[in-house]
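A structural walkthrough
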Amino acid sequence: AQSVTQPDIHITVSEGASLELRCNYSYGATPYLFWYVQSPGQGLQLLLKYFSGDTLVQGIKGFEAEFKRSQSSFNLRKPSVHWSDAAEYFCAVGPNTGNQFYFGTGTSLTVIP
Amino acid sequence: KAGVTQTPRYLIKTRGQQVTLSCSPISGHRSVSWYQQTPGQGLQFLFEYFSETQRNKGNFPGRFSGRQFSNSRSEMNVSTLELGDSALYLCASSLWTGGGEAFFGQGTRLTVV
């Protein structure tokens, strides 16, 4: 069965510090992997995606993620966090059938000055 | 290029009523998927439409239905509303079905009282 686990419900970091959000997945085939960000009351914005090829992918807003097949992980990183990065982050895998994506439960990021 | 447009943004309905939500995908996109987001259950897949046909359906009761028009616009309908249907309903637009990334609208916040 397909599933995504985000072990950290909430993370607090200081502005300017580095960030890593964890994501583990379970998928029956080569996965397509995504990270989305959601600000309060808003929809989901795609940060980056992995389909194949280079396992280190770059996204928008200075984010990057690394696909590690052996660990079934797709962790999101940013070298220096800005206050505007405070939001909810979702890891997703898919699509399986059609465009059905499976989402993790999200990690809420708080940035302190 | 316009993004995914969902209307209305907010709705308040009474238990037992029915509601229709609308989604206009990105121009040229033919796949529309719907998701329900709640604090307790997270993001759950409702269904996907591609070329006016339902391609896949999540584990929701028959009170939840949808359709897609020839211009790819989609509507979802919830009949006999229950308090538990209160949620953010998100629409996702993709170029094709099974083709990878999805772009989300800002959602419709439905409150059932």
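This report concerns the structure included in the present document. (Residues numbered from 1 in each chain as written. Chains lettered and ligands numbered in written order. Predicted model: local features only at pLDDT ≥ 70, side-chain atom pairs only at ≥ 80, totals over all residues. Heavy atoms only, no water.)

Residue and element names in this part refer to chain A. The two faces of strand S2 (residues 10-14) differ: Ile11 and Val13 on one face are buried, but His10, Thr12 and Ser14 on the other face are not. Direction of pairing for S2 relative to strand S12 (residues 107-112): parallel, over a ladder of five bridges. Bridge pairing in S12 links valine 13 to valine 111. (Buried < 20%, exposed > 50% of the residue type's maximum accessible area, 1.4 Å probe, protein only. Helix = DSSP H or I, 4+ residues; strand = E, 2+ residues; numbered from the N terminus. Pairing = 2+ DSSP bridges.)

If you add up the space inside the largest pocket, you get close to 370 Å³. Around the largest pocket sit 17 residues that line it, and Gln38(A), Glu88(A), Phe90(A), Gln37(B) and Pro39(B) are the ones nearest its centre. Every element with two or more residues in the lining of the largest pocket is listed here: strand S10 (87-94) of chain A together with strand S4 (31-38) of chain B. By residue number, the principal contributor to the lining of the largest pocket is S10(A), which donates three residues. (1 Å grid on protein atoms, 1.4 Å probe; cavity = no way out; pocket = protein on both sides within 12 Å on 5 of 7 lines; lining within 4 Å. Points joined across faces, edges and corners; volume = space filled by probe spheres on them.)

Attention now goes to the interface of chain B and chain A. At the junction of the two partners, chain B supplies 22 residues and chain A supplies 19 residues. Interface area lost by chain B to chain A is led by Leu43(B), Glu101(B) and Phe104(B), which between them contribute 29%. Seen at the junction of chain B and chain A, the total is one salt bridge. Taking the shortest distance from any N to any O, the salt bridge between Lys49(A) and Glu101(B) comes out at 3.3 Å. Applying the counting rule to chain B against chain A returns seven residue pairs in polar contact (both at pLDDT 80 or more). Those elements giving two or more residues to the side of chain B that touches chain A turn out to be S4, strand S5 (42-50) and strand S9 (87-94) of chain B. (Contact = heavy atoms within 4.5 Å. Buried area = accessible area lost by both parts, 1.4 Å probe. Salt bridge = Lys/Arg side-chain N within 4 Å of Asp/Glu carboxyl O. Polar contact = N/O pair within 3.5 Å; in protein donor to acceptor, adjacent residues only side chain to side chain.)

Residues and elements named next belong to chain B. Topologically, glutamine 68 is positioned in strand S7 (residues 64-68). In terms of polar contacts, glutamine 68 uses its side chain to reach the backbone amide nitrogen of serine 51, at 3.2 Å. A polar contact of 2.9 Å, which involves the side chain of glutamine 68, links it to the backbone nitrogen of glutamate 52.

To continue, consider the environment of Arg67(B). Residues and elements named next belong to chain B. Residue placement: arginine 67 occurs in strand S7. Judged by relative accessible area, which is 47%, arginine 67 ranks as partly exposed. Sequence spacing of arginine 67 and valine 32 is 35 residues, and the spatial spacing of their C-alpha atoms is 9.7 Å. Residues within four places of arginine 67 in sequence aside, it is in contact with Tyr49, Arg73, Ser74 and Glu75.

Each strand in a sheet pairs with another by means of backbone hydrogen bonds, the pair being arranged parallel or else antiparallel. Residues and elements named next belong to chain B. Pairing in this open sheet of four strands is antiparallel, and the strands run S1-S3-S8-S7 from one edge to the other. The open sheet has two edge strands with one neighbour each: strand S1 (5-7) and S7. Strand-to-strand, the axes of this sheet are offset by a mean angle of 20°, without reference to chain direction. Two strands pair when backbone bridges link them, and strand S3 (residues 19-24) and strand S8 (residues 74-78) are joined in this way by five bridges, in the antiparallel orientation. (Axes fitted to C-alpha atoms, helices over the stretch in contact; angles between N-to-C directions.)

All right, on to the nonpolar core then. Membership of the largest hydrophobic core comes to 27 residues, with the highest contact counts inside it found for Leu19(A), Trp35(A), Leu47(A), Leu48(A), Phe74(A), Leu76(A) and Tyr89(A). Taken together, the elements giving at least two residues each to this core come down to S2, strand S3 (19-21), strand S5 (32-38), strand S6 (44-50), strand S8 (64-68), strand S9 (73-78), S10 and S12 of chain A. Looking at which element gives the most residues to this core, the answer is S10(A), with four residues. Contacts of Leu19(A), omitting those with residues within four sequence positions, involve Ile11(A), Val13(A), Phe63(A), Leu76(A), Arg77(A), Lys78(A), Val81(A) and Leu109(A). Core analysis: the second largest hydrophobic core is formed by 21 residues, Val4(B), Cys23(B), Val32(B) and Ala87(B) among them. (Core = buried A, V, L, I, M, F, W, Y, C linked by side-chain atoms within 4.5 Å.)

The next point concerns the state of the cysteines. Under the definition given, this model contains two disulfides over all chains. The disulfide bridge from Cys23(A) ends at Cys91(A), spanning 2.0 Å between sulfur atoms. In this structure, the disulfide formed by Cys23(A) and Cys91(A) twists by about -65° around the S-S bond and is classed as left-handed. Here Cys23(A) is found in the loop between S3 and strand S4 (24-26), whereas its partner Cys91(A) is found in strand S10, with 68 residues between them in sequence. Cys91(A) sits in the buried class, given a relative accessible area of 0%. With its sulfur 1.7 Å from that of its partner, Cys23(B) forms a disulfide with Cys91(B). Every disulfide takes its handedness from the sign of the S-S torsion; for Cys23(B) and Cys91(B) that torsion is -55°, giving left-handed. Taken together, the residues Cys23(B) in strand S3 and Cys91(B) in strand S9 connect sequence positions 68 residues apart. (Disulfide = S-S within 2.5 Å.)

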